[in-house]
Amino acid sequence: MVGSPSLDLLHFGGRSVRSAGGAGLYTALAAQRAGADVTVVSPRPDPMPLELEPADRLLDWRGPSIPPDALPHFEIEYLPGGETVYHQAVRGSEGDIRYDDVPDAGPGAFAYVVPLLDPALQLGFARRLSAAGVRVGCGTYAPGVRQHGDIVARVVGASDYFFCNEEEAGLLFGSIDDVAVAPGRVVFVTRGARGARVILGDHAIDIAAPTVDELDPTGAGDTFCGTALARIAAGDHPAIAARGAAACAARTVTRIGPAALLSDEPPPLTPRDDRLRLDPDRTRRVAEIIASAPEATAFDFTGPPFPEPGDPVALDFFFAGTLQQFGFWSERGGRYDAPMIASLGGRALKGSDYLWTAFRRWASEARDELTPGGQAALADADFNHRLRDEDGVNPLPQGPLHPACARAYGRDMLALGLTPTSLLAEADATERPLARFLRRLDQLGGYKEDPWRKKSALLTAILSQRPERFLRFGDGEDVPPIIDYHCQRSCLRLGVVTVVEEALAAKLANREVVSADEEEAVRAACHEAVAEIRRLSGRPMGAVDWFFFQNRTRCPEMSEPDCPACPADAACAHRTELFQPVFRTPSY
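These figures come from a predicted structure and were not determined experimentally.

Scoring rules and cut-offs
- Residues numbered from 1 in each chain as written.
- Predicted model: local features only at pLDDT ≥ 70, side-chain atom pairs only at ≥ 80, totals over all residues.
- Heavy atoms only, no water.
- Pairing = 2+ DSSP bridges.
- Helix = DSSP H or I, 4+ residues; strand = E, 2+ residues; numbered from the N terminus.
- Axes fitted to C-alpha atoms, helices over the stretch in contact; angles between N-to-C directions.
- Contact = heavy atoms within 4.5 Å.
- Salt bridge = Lys/Arg side-chain N within 4 Å of Asp/Glu carboxyl O.
- Buried < 20%, exposed > 50% of the residue type's maximum accessible area, 1.4 Å probe, protein only.
- Left-handed = near helix turned anticlockwise from the far one by under 90°.
- Nonpolar A, V, L, I, M, F, W, Y, C, P; charged D, E, K, R; others polar.
- Disulfide = S-S within 2.5 Å.
- Parallel < 35°, antiparallel > 145°, perpendicular 65-115°, else oblique.
- Right-handed = clockwise from strand over helix to strand, strands pointing away.

### Considering the sheet that holds strand 10 (residues 135-139)
Pairing is mixed in the open sheet, where six strands are placed in the order 9-10-11-12-13-14. This sheet does not close on itself; its edge strands, each paired only once, are strand 9 (110-113) and strand 14 (203-207). Going from strand to strand, the sheet's axes swing by 20° on average, the running direction of each strand aside. Where helix 5 (residues 166-173) meets the sheet, it contacts strand 11 (161-165) and strand 12 (186-190), and its direction lies at approximately 110° from that of strand 11.

Written out as structure tokens, the structure is:
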């Protein structure tokens, strides 16, 4: 964390308080509280002021010694309605921060460079850290954008992760709706009580914020920055990291100064949706069954219709095919109608089986079209031809969304200079290959849009379980939960997830189209439940997922469940009236 803590005078709610402060302090403490090991690069006061002693005990603070009165200090007034007025801003020793004070942080490390009063200094740090292979986050502040907009724009371009509020986004991009950055880069726009927006290249995801009673708004944005970066470094998708960051920022504003970040309380969890709950006892019983079930064995993704082991088309086949694994069902009158079934090669094939079979034919007809370059150039008509059934029609229910995902994947891969082979080699060169691989998929169209990473998780399972072992895992790494609609249906019917709200339960039972908010609530609960089943069972996620995927034949969409054939029958709540959320999404 590059940037100096400060000593500030704060005015809010009719009171004035002296407090430890500064973007550097809040960001560093938030990252530390989220689980990161944090080094602060900044001149260090000697003797240490009383207000900064608690932070000094938690952080590795490196830099030359300075007298306490050389620290930056600010006088800030928070007005009703959210306006912030800086009555005084003294740079102090901030300009004395030197790159030579940065410890040896090679590839894989994360750095945050605070919005320094001199944006050119911030830009210099960002560029040098990035050149060293460090993942760089930067922030800004409105006066700096107004005075040095051209330099701050270059800071945006030099940042892997850029943080700003809605006003600053307007100054830099025109409006929050106009925010877009190069493929592979992420912008977080904080919006106060309205949460945040996460922009991954050209795709935006909105995040809600918890409702709290605000006391002191100081450091909310910086708490968000530090928490988000720490969670991304730990492996979260940027949108999931932002959820946790919003929760931590909300708690920060309920205390004076950084008191919440210095407390012994555990960091706040992302609030659960109270319309659903997990059943711990039933979750444990299901996990015990999976722990010894012969059906819970990881599938190796070989045999028809998959490429033979060693086939050079395999990587392009799986990268391009997995991102199309969504939406295999039709809707009529605002309700689920039927699963997709189409004929190919003289057989009636359902959803995923049809898609893999069509892709195998595609690989034999025009394998170059499955490369990133081929996908980027793909016209809708070409995609429809490759996915044609025996009547010559593409049966996928979501039509043009499929070739759009293919092009987005290809364009992002080309923009980042990646191929499936180079991406895997890059991941394999790190201590945590899976984390690096997932972070790369978070940059690619067709994969990055889903915070819960269903298709990304499926691809990691395929690549790690194939005989070629394309993707290896580091110590403690495993495939994330793979939450598709079959898995959600099983979780609801088994009773590991209970729908508390009667209105939502009725919608699910009636197979009605649900809202985005309702779908998110169900899927998040199922994600948590499956992760717990994996933990309690001791089985790898590939085995747990294959158990749930096979359950689609025992507990199907359109016919009565075959409960005696289900290994989990003894633990099941038999809520067979429930159905997965009926919701159109390219995520699953």
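### A few points about the pattern of salt bridges
Tallied over the full model, the rule gives 41 salt bridges. Between Arg197 and Asp177 there is a salt bridge, with the nearest N and O atoms lying 2.8 Å from each other. Of this pair, Arg197 sits in strand 13 (residues 196-200) while Asp177 sits in the loop between helix 5 and strand 12; the two residues are 20 residues apart in sequence, bridging distant segments of the chain. One network of salt bridges, with partners in common, ties together Glu166, Asp177, Arg191, Arg194, Arg197 and Asp206.

### Regarding the environment of Val145
Its location among the elements puts Val145 in helix 4 (residues 142-158). The class for Val145 is buried, based on a relative accessible area of 6%. In contact with Val145, other than residues within four places in its own chain, are Thr140, Val152, Leu171 and Leu172.

### Considering the packing of helix 6 (residues 220-234) against helix 7 (residues 238-252)
Close contact between helix 6 and helix 7 brings their axes to 8 Å; oriented N to C, the two are set at 145°. Viewed along their axes, helix 6 and helix 7 form a crossing whose handedness is right-handed. Of the residues in helix 7, those in contact with Ala220, Thr223, Phe224, Thr227, Ala228, Arg231 and Ile232 of helix 6 are Pro238, Ala241, Ala242, Gly244, Ala245, Ala246, Cys248, Ala249 and Thr252. Counted by class, the contact of helix 6 with helix 7 contains eleven nonpolar, four polar and one charged residues.

### Some thoughts on the state of the cysteines
Counted under the stated rule, the structure contains zero disulfides. Take Cys566: it sits in no disulfide, and the sulfur closest to it among the cysteines is that of Cys572, at 6.4 Å. Classification of Cys566 as buried rests on a relative accessible area of 14%. Residue Cys572 stays outside any disulfide, its sulfur separated by 6.1 Å from that of Cys563, the closest cysteine. Classification of Cys572 by relative accessible area gives buried; the value is 15%.

### Observations regarding the sheet that holds strand 1 (residues 6-12)
Taken in spatial order, the four strands of this open sheet run 2-1-7-8, and their pairing is mixed. In the strand order of this sheet, the two ends are held by strand 2 (15-21) and strand 8 (84-90), each with one partner. Ignoring which end each strand starts from, the neighbouring axes of this sheet average 20° apart.

### Remarks on the packing of helix 10 (residues 314-322) against helix 17 (residues 454-465)
Close contact between helix 10 and helix 17 brings their axes to 10 Å; oriented N to C, the two are set at 160°. Judged by the angle between their axes, helix 10 and helix 17 are roughly antiparallel. In this structure, the crossing between helix 10 and helix 17 has a hand that is right-handed. Taken together, the residues of helix 17 that come into contact with helix 10 (itself represented by Leu315, Phe318, Phe319 and Thr322) are Lys455, Leu458, Leu459, Ile462 and Leu463. Here the contact of helix 10 with helix 17 is composed, by residue class, of seven nonpolar, one polar and one charged.

### Some remarks on the pairing of strand 17 (residues 335-339)
When a strand is regular, its side chains alternate between the sheet's two faces. Sheet topology places strand 16 (residues 329-332) next to strand 17; four bridges connect them, and they run antiparallel. For Arg332, the partnering residue across the bridge sits in strand 17 and is Arg335.

### Quick word on the pairing of strand 11
Of all five residues that make up strand 11, four are buried, and the element is covered over most of its length. Direction of pairing for strand 10 relative to strand 11: parallel, over a ladder of three bridges. The residue of strand 11 that forms the bridge with Gly137 is Tyr161. In the classification by handedness, the crossover that spans strand 10, the intervening helix 4 and the parallel strand 11 is right-handed. Handedness of the crossover joining strand 11 and strand 12 through helix 5 is recorded here as right-handed.

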